[in-house]
Amino acid sequence: MRPPLLNPLFAGASGLKGIGEKLDRLLAQFLRPAHATAGTTTRIIDLLFHLPSGLVDRRFRPSIAELPREGVVTVEARVMRHRPPPPMNRKVPYRVDVSDGTGVLSLVFFHAYADSIRRALPDGETRFISGKIDWFNAEPQIAHPDHVVSAEEFGRMPLIEPVYPLTEGVSGKLLAKAIAQALEKLPDLPEWQDPAFLQRHGWPSFGAALRALHHPETPSAIGPEALARRRLAYDELLSNQLALSLVRANMKRAQGRSLPGTGDLRRRLIAALPYSLTMAQTEAIAEILRDMGSGERMLRLLQGDVGSGKTVVALLALAAAVESGAQGALMVPTEILARQHHATLSRLCGAAGISIALLTGREKGKAREEILARLAAGETQLLIGTHALFQADVHFRDLGLVVIDEQHRFGVHQRLALQAKAGGATDLLVMTATPIPRTLALTVYGDMDVSKLTEKPAGRLPIDTRVIPMSRMEEVIEGLSRAMAQGNRAYWVCPLVEESEAVDLAAAEERFLALAARFNGKVGLVHGRMKGPDKDRVMAEFKDGTLSLLVSTTVIEVGVDVPEATAIVIENAERFGLAQLHQLRGRVGRGSGKSSCLLLYQEPLGETAKARLSIMCETEDGFRIAEEDLRLRGAGEMLGTRQSGLPLFRMADLSVDGDLLATARDDAQLVLIRDPKLLSPRGEALRILLYLFERDEAIRLLSAG
Ligand code: ADP
Ligand code: MG
């Protein structure tokens, strides 16, 4: 239960002045994108956590004679003359001339109500006017001043105004007003950070930090290095590390079991492989087997770039579980991938005598019942599937090892749910190809044990990557045509343009029709909305070579393995994250053929976008690509929830605050060693921190164990 102290922060913002139902919805979609459904509403805390991106400094107060060429100024002057437009002529603006004795400044209003202008600027009165200066025929003017106030009001007006990121339909003034009201609801919270630590950094309290950012007193008060920002960033990082440490502690508390295996099945599997394992694969398997053989529960991450051969590592680990008399499960994020893994692993398992089954959302009715019965009886030794594996009625006789493939595609929530379901002593191996820079790995995995596949299977040729404007599409298609004539296969990826599947789909379908008209009968289309069997058929036809060009949305991004495919065209490449481009490119270069990757972009292309795409041409090293992407775009974007399901920080910017991460991890670990249940006064305050950043699942683990 959330402490009542926090209730005012999690209350709806709809009670605030100026926030009607419509605005409430709009703000919710904008400020809580991860939760956005039609009924989502805005809460006070969402407003408080919406930090300014800049500010307007109104402190410069020149006389009219000294007005600068441009910029924001505040002028004190007397109203001299109203110059309304001629009647019926809406094109001419309403002008008001004001003077301070050194010169005349004219205020310009288009489409304005004369009444309200007269009320704001009565003849002969002195007013403080603030806005952006403009020059027209060598006369200074301010069009639509931001503020026109009396001396008395001016005394109360902040001269430094925060500027907030906006969304359509929400004005800066409205948002600032709502946030100012939200600030008044902020209760006094106990301090959860170590006082000596705060003092050393000169950081303010949580409340003072929020106030300092929303009501800045100097321009430097809101910069990325501002003490208030750093404080809040650290709060967020600490809550993240604390939550991860709690998850880990909870899992480690569960008694492990030893699954040493006999080596029999593994020997047969290795004999059936058409290749020999790489050094990196052999080492990773040894690390995994050491964990499985020990009495402690395994919690290991296998990180390996696309095409490095993670699947066979997983298979050998699963075989060791089976050798020990237990069952294994392999969970993957998509239906296509589940079927592909099932097909390749079935062949190998057949050779070794391991019984394997597939379970996805598509197995239904009788067939599904049979699969479940065999599983419960222990006749099925390996189960492969999507998250359908962890539905309530799926019971294993004795589940020893769970492997999660492409695990970055699963959200944190799913991962926690799965870990709860796997429960007991089940070992856990998660695999990812997302090359996560070290700093980020910490935020996502905490201190999970990590194995890395640092080399790719021998004999792979580099992928020839080129960046090409869309205007040269015709040449690209010519090139494809030649490649296909020589019997090569290719992917054509259509981007996610809108945040709406329907629109993206239309784009992919259109491209498919155009290409199908050109390459009669050789082109297929796959996308996420297709019915399962249709998808299978197209994938199978591409795999066996009936089709030689596969048009798709990003459904092929993860894991699809067709070694004969040697070219990939990615449309609107500038819209993809680099990590995602790297994943997509990893669909080719998997066999012995020379492969190419064409990144098509829409002109004009900005400098940063150009720099990003050119990194793709320079390197195939996923880690370097990720580091560069992080540097160019910042962590938030790189880890956009849509792309990766990874948590997105609201306060911390890892390109600035990454240095705080290791401290936060050490801090979290120390806290839990001293106070594993968070019962001390600081522990209690830290619970509040966890709730503030909505790490509620982690708190539940505290009471569970
Ligand atoms: P990923 O790490 O991206 O999941 P996969 O496991 O799909 O990679 O392997 C990519 C391709 O490399 C597959 O076609 C697989 O059969 C092949 N492969 C895996 N290990 C080796 C190896 N040691 N030597 C040669 N080919 C390998
Ligand atoms: Mg894979």
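Data block above holds the structure.
Residues numbered from 1 in each chain as written. Chains lettered and ligands numbered in written order. Predicted model: local features only at pLDDT ≥ 70, side-chain atom pairs only at ≥ 80, totals over all residues. Heavy atoms only, no water.

J.: How would you summarise the sheet that holds strand S16 (residues 464-469) if you had to cite specific residues and measurements?
T.: One open sheet accounts for 6 strands, arranged S16-S21-S20-S17-S19-S18; its pairing is parallel. Bordering the open sheet on either side are S16 and strand S18 (523-526), each of which pairs with just one other strand. If you compare each strand with its neighbour and ignore which way they point, the axes differ by 20 degrees on average. Pairing of strand S17 (residues 489-493) with strand S20 (residues 565-570) involves 5 bridges; the strand directions are parallel. Bridge pairing links Arg489 to Ala565 in S20. Where helix H21 (residues 607-618) meets the sheet, it contacts S16 and strand S21 (596-601), and its direction lies at approximately 155 degrees from that of S16. (Pairing = 2+ DSSP bridges. Helix = DSSP H or I, 4+ residues; strand = E, 2+ residues; numbered from the N terminus. Axes fitted to C-alpha atoms, helices over the stretch in contact; angles between N-to-C directions. Contact = heavy atoms within 4.5 Å.)

J.: I'd love a proper account of the pairing of strand S3 (residues 94-99), names of residues and values included.
T.: Within S3, 6 of the 6 residues are buried, leaving the element largely enclosed by the surrounding structure. Here S3 shows a buried face lined by Tyr94, Val96 and Val98 and a second buried face lined by Arg95, Asp97 and Ser99. Relative to S3, strand S2 (residues 72-83) runs antiparallel, the two being bridged by 5 bridges. Bridge pairing links Val79 to Val98 in S3. Taken together, the 6 bridges between S3 and strand S4 (residues 104-109) define a ladder with antiparallel strand orientation. Looking across to S4, one finds that Val98 is bridged to Leu105. What sits between the antiparallel neighbours S3 and S4 is a turn of 4 residues, in which Gly101 has the positive phi angle 90 degrees. (Buried < 20%, exposed > 50% of the residue type's maximum accessible area, 1.4 Å probe, protein only.)

J.: Got a sec to walk through the side chain of Thr74? Specific residues and values, please.
T.: Residue position: Thr74 is located in strand S2. Here the side chain of Thr74 touches Arg58 through a polar contact of 2.8 Å, landing on its backbone oxygen. Every residue in contact with Thr74, bar those within four places of it in the chain, is listed here: Arg58, Phe60, Arg61, Pro62, Ile129, Ser130 and Phe154. (Polar contact = N/O pair within 3.5 Å; in protein donor to acceptor, adjacent residues only side chain to side chain.)

J.: Can you break down the packing of aromatic side chains residue by residue, with the values?
T.: Evaluation of the coordinates by the stated rule reveals 8 aromatic pairs. Between Phe49 and Phe693, the ring centres sit 5.1 Å apart and the planes meet at 20 degrees, which makes this aromatic pair stacked. In this pair, Phe49 sits in the loop between helix H3 (44-48) and strand S1 (54-57) while Phe693 sits in the loop between helix H27 (681-692) and helix H28 (696-704), placing the two residues 644 residues apart along the sequence. Phe49 gets classed as buried once you look at its relative accessible area, which sits at 5%. Residue classification places Phe693 among the buried positions, given a relative accessible area of 7%. Taken together, the ring pairs connect Phe49, Trp192, Phe206 and Phe693 into an aromatic cluster. Arg2 extends its terminal NZ or CZ atom over the ring of Phe10, reaching a point 3.8 Å from the ring centre. A cation over an aromatic ring shows up here: Arg69 above the ring of Trp135, its NZ or CZ 4.8 Å from the ring centre. (Phe/Tyr/Trp six-rings, centres within 6.5 Å; stacked < 30°, edge-to-face > 60°. Lys NZ or Arg CZ within 6 Å of the ring centre and 35° of its normal.)

J.: Run through the site of ligand 1, naming residues and quoting values.
T.: Around ligand 1, 16 residues are found, and the nearest of them are Gly307, Lys310, Thr311, Arg460 and Asp561. Note that an oxygen atom of ligand 1 is positioned 2.6 Å from one of the side-chain N or O atoms of Thr311. Arg590 places a polar side-chain atom, nitrogen or oxygen, 2.9 Å from an oxygen atom of ligand 1. Among the residues making up the shell around ligand 1, the classes are represented as 4 nonpolar, 7 polar and 5 charged. (Near = heavy atom within 4 Å. Nonpolar A, V, L, I, M, F, W, Y, C, P; charged D, E, K, R; others polar.)

J.: Break down the sheet that holds strand S10 (residues 327-331) for me, with residues and values.
T.: The 7 strands lie next to each other as S11-S12-S10-S13-S14-S9-S15, forming an open sheet whose pairing is parallel. Among the strands making up the open sheet, the edge pair consists of strand S11 (356-359) and strand S15 (449-453). Across the sheet, the mean angle separating the axes of adjacent strands is 20 degrees when strand polarity is ignored. Across 5 bridges, strand S9 (residues 299-304) lies against strand S14 (residues 427-432) in parallel orientation. Within S14, the position partnered with Leu302 by the bridge is Met431. Set on the sheet, helix H12 (residues 310-323) makes contact with S9, S10, strand S12 (382-385), strand S13 (399-404), S14 and S15; between it and S13 the angle comes to about 170 degrees. Together, S10, S11 and S12 form the strand contacts of helix H13 (residues 335-352), whose direction differs from that of S11 by roughly 170 degrees.

J.: Before we move on, can you summarise helix H10 (residues 264-272) with the specific residues and values?
T.: Turning to H10, its buried residues are Leu265, Arg266 and Leu269. All buried residues of H10 fall inside an arc of 95 degrees around its axis, so they share one side. Among the exposed residues of H10, those oriented more than 90 degrees off its buried face are Arg267 and Ala271. Here the buried face of H10 lies against helix H11 (279-293), H12 and H13. (Arc of directions from axis to C-beta.)

J.: Give a description of the environment of Lys522 that names residues and reports values.
T.: Tracing the chain through its elements places Lys522 in the loop between helix H18 (501-518) and S18. Residue class for Lys522 comes out partly exposed when judged on its relative accessible area of 34%. Remark: the alpha-carbon pair of Lys522 and Ser548, spanning 26 residues in sequence, is separated by 5.4 Å. Ignoring anything within four residues of it in the chain, the contact list for Lys522 reads Met484, Gly545, Thr546, Leu547, Ser548 and Leu549.

J.: Tell me about the pattern of salt bridges, and name the residues and values.
T.: Enumeration over the complete set of coordinates arrives at 39 salt bridges. The salt bridge involving Arg32 is made with Asp46; its shortest N-O contact spans 3.7 Å. On the criterion of sequence distance, the pair formed by Arg32 in the loop between helix H2 (21-31) and H3 and Asp46 in helix H3 is long-range, its members being 14 residues apart. Residues Arg32 and Asp46 agree in their burial class; the two are buried. Here Asp666 and Arg665 are joined by a salt bridge, their closest N and O atoms 3.3 Å apart. Using a relative accessible area of 42% as the deciding quantity, one classes Asp666 as partly exposed. By relative accessible area, which is 23% here, Arg665 ends up partly exposed. Several salt bridges share partner residues, and in doing so they unite Arg32, Arg43, Asp46, Arg650 and Glu694 into one network. (Salt bridge = Lys/Arg side-chain N within 4 Å of Asp/Glu carboxyl O.)

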